[in-house]
Amino acid sequence: MNDVNLKLIINHAKRYGFIYKSSEIYNGINGVYDYGPWGVEMKNNIKEYWWNFMVKLRDNIVGIDSSILMNNKVWIASGHKKEFNEYYIIIKNKIYNIKKFILLIFDIINNKKLYKKILILYKKKKIKLIIYKLKLIIKHYKILKYRNIKVKKINLMFNTKINSFLNNKYTYLRPETAQGIFINIKNIINSTKMKIPFGVAQVGKSFRNEIITKEFIFRTKEFEQMEMQFFIYPGQEKKWFKYWINNRLSWLYFLNLGINNFRIKKHKNLSHYTKYAIDIEFNFLNIYKELEGIHFRKNFDLKSHIKYSKKKIMFYNSKTKKKYIPYIIETSLGLDRVFYALLCKSLINENNRIFLKLPYFISPIKIAILPLISKDKKIIKISKYIYNNLKYKFNIIYDDKNSIGKRYHYQDSIGTPFCITIDKYSLVNKTVTIRYRDSMKQIRYEIDLLYFFFKKEFDISYFFKREIKDV
Ligand code: GAP
């Protein structure tokens, strides 16, 4: 049985250079994390996998890298300034997210009819009325000692001051990467040959001033998103919505996280910009939670930017000879969340052995070159020769310190799929031992053929060919 829990994951991630708590020497900062040497390599591999699948191998999607700081009018137009709020309940010194608080109350009183009514009020954002009703319920059922319930509305955007000699202006750190795409759409169309239906993708940092950050990197204040906005003719949303759910699922399934660990949930608490949406939920440590969202944003964002900027961001349909505003299907995945999902399912703790069974293409280091006898000059020479040949092709590491057992253990712990050991036979017959991480099986292999062996092992082009149809 694989005995893995959150504590083991956090300790492993720190001990083996994946994730550290930010500002640790100053006692940290809540909900912010740093990625270490192997964490950044793994993150880059996830991004590359996403970018290849979503942008590089498709003719109808381009990428951008827009700024984190934008004119604050962007956030007025996008609705985030007015609507991107969370409500918190404060009782004595405890803070509850309102959704969690409602669940907590109804877990105790178990009144489904009333619960449904409160949820309808929540959907309509009638927060004052909800609080009034909850107070009555609490009094009636005598379920809480404290009567003094306070409610706080907090906008999730971080505001930041922009200095200038004339005036001091405020703007916000972006809470989603999507807006950078919407406000650039005319530039993108004018500078490329994109024609509807087409997509624009980007990967980048987003910030949310979450009060209740949770479960390691699952919900943090600073995180990375991998988002794609797909622009379509109005009326084609059902077809494309389905298309992107299937595409995103196939990308996720290939991460070897277990197909049965995913489920689709219709989004009930829609954000202000979505008409309908689903969450792809993942079974993180035995609880299903949101991993990625697919949203039908209709033309909410473009319409609003047209209104606030007074710019003509219209599209032209050459068939109908009419101008129109396209609809948008968005795919939005948290990079840190998929990283966490990979840690949850790849960290294997069984039969007194701990190793990280990452898919090869996600592993931070692909091959470790480990000379068996570190004092033998001839062995070192061959080892360095192999290292210098392969390092231009794959992300590899050279290590001649400590016992071979300890070196294997370290490479297993950072998820390196293959270790190469060089011994005295290597001098005679020009072969080395290749050790497989998962099975610990060992084979002898010719030094001159190593490149071809690994090229085949790390190739995932068959997956892309299968999933992305040629134009
Ligand atoms: N542009 C749409 C958008 O931002 P969202 O559902 O708010 O939609 C999309 O976020 C994804 O971003 C989520 O499914 C999750 O993977 C990730 N995400 C959102 N908030 C996060 C947070 N505080 N920490 C880590 N990841 C987060």
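Residues numbered from 1 in each chain as written. Predicted model: local features only at pLDDT ≥ 70, side-chain atom pairs only at ≥ 80, totals over all residues. Heavy atoms only, no water.

## Focus on the site of the ligand
Alright, step 1. Taken together, 20 residues lie near the ligand, and Glu176, Glu227, Glu290, Leu291 and Glu330 sit nearest.
Alright, step 2. Take Glu227: an N or O atom from its side chain is 2.4 Å from a nitrogen atom of the ligand.
Alright, step 3. Between the ligand and the protein, one listed contact pairs an oxygen atom with a backbone N or O atom of Gly334 at 2.9 Å.
Alright, step 4. Relative to its unbound accessible area of 550 Å², the ligand is 94% covered by the protein chains.
Alright, step 5. Breaking the shell around the ligand down by element, the ones donating at least two residues are strand E10 (222-232), strand E13 (287-298) and strand E16 (327-334).
Alright, step 6. With six residues, E13 is the largest single contributor of residues to the shell around the ligand. (Near = heavy atom within 4 Å. Polar contact = N/O pair within 3.5 Å; in protein donor to acceptor, adjacent residues only side chain to side chain. Areas by Shrake-Rupley, 256 points an atom, 1.4 Å probe, with all protein chains shown as cover. Helix = DSSP H or I, 4+ residues; strand = E, 2+ residues; numbered from the N terminus.)

## Some words on the packing of aromatic side chains
Alright, step 1. Scanning all chains against the criterion turns up 48 aromatic pairs.
Alright, step 2. An angle of 65° between the planes, with centres 4.8 Å apart, marks the rings of Tyr49 and Phe361 as edge-to-face. In this pair, Tyr49 sits in helix H2 (residues 37-56) while Phe361 sits in the loop between strand E18 (353-356) and strand E19 (367-371), placing the two residues 312 residues apart along the sequence. Judged on exposure class, the residue Tyr49 and its partner Phe361 are both buried.
Alright, step 3. Each member of the aromatic cluster is reached from another via a ring pair, and the members are Tyr360, Phe394, Phe418, Tyr436, Tyr445, Tyr451, Phe452, Phe453, Phe454 and Phe458.
Alright, step 4. The side chain of Arg58 reaches across the aromatic face of Phe53, ending 4.9 Å from its centre.
Alright, step 5. Over the ring of Tyr436 we find Lys441; its NZ or CZ atom is 4.9 Å from the centre of that ring. (Phe/Tyr/Trp six-rings, centres within 6.5 Å; stacked < 30°, edge-to-face > 60°. Buried < 20%, exposed > 50% of the residue type's maximum accessible area, 1.4 Å probe, protein only. Lys NZ or Arg CZ within 6 Å of the ring centre and 35° of its normal.)

## A word on the domain arrangement of the protein chain
Alright, step 1. On domain assignment, one finds that the protein chain holds domain 1 (6-76 + 160-347), domain 2 (85-155) and domain 3 (367-457).
Alright, step 2. When each unit is reduced to the centre of its C-alpha atoms, the spacing between domain 1 and domain 2 is 30 Å.
Alright, step 3. With five residues of domain 1 at the contact, the number on the domain 2 side is nine residues.
Alright, step 4. Taken together, both faces of the contact between domain 1 and domain 2 bury some 660 Å²; the carbon and sulfur share is 58%. (Domains from an automatic or database assignment. Contact = heavy atoms within 4.5 Å. Buried area = accessible area lost by both parts, 1.4 Å probe.)

## Regarding the environment of Lys100
Alright, step 1. In this fold, Lys100 is placed in helix H5 (residues 98-109).
Alright, step 2. Under the relative-accessibility criterion, Lys100 is labelled partly exposed at 44%.
Alright, step 3. C-alpha of Lys100 to C-alpha of Ile89: the two residues are eleven residues apart in sequence and 9.5 Å apart in space.

## Quick notes on the packing of H2 against helix H10 (residues 237-253)
Alright, step 1. At a closest axis distance of 11 Å, the pairing of H2 and H10 adopts a crossing angle of 145°. Both H2 and H10 take part in a crossing whose hand is right-handed. Residue-level inspection shows Ile46, Tyr49, Trp50, Phe53 and Met54 of H2 in contact with H10, the latter providing Trp244, Asn247, Arg248, Ser250 and Trp251.
Alright, step 2. Its residues placed into classes, the contact of H2 with H10 shows seven nonpolar, two polar and one charged. (Axes fitted to C-alpha atoms, helices over the stretch in contact; angles between N-to-C directions. Left-handed = near helix turned anticlockwise from the far one by under 90°. Nonpolar A, V, L, I, M, F, W, Y, C, P; charged D, E, K, R; others polar.)

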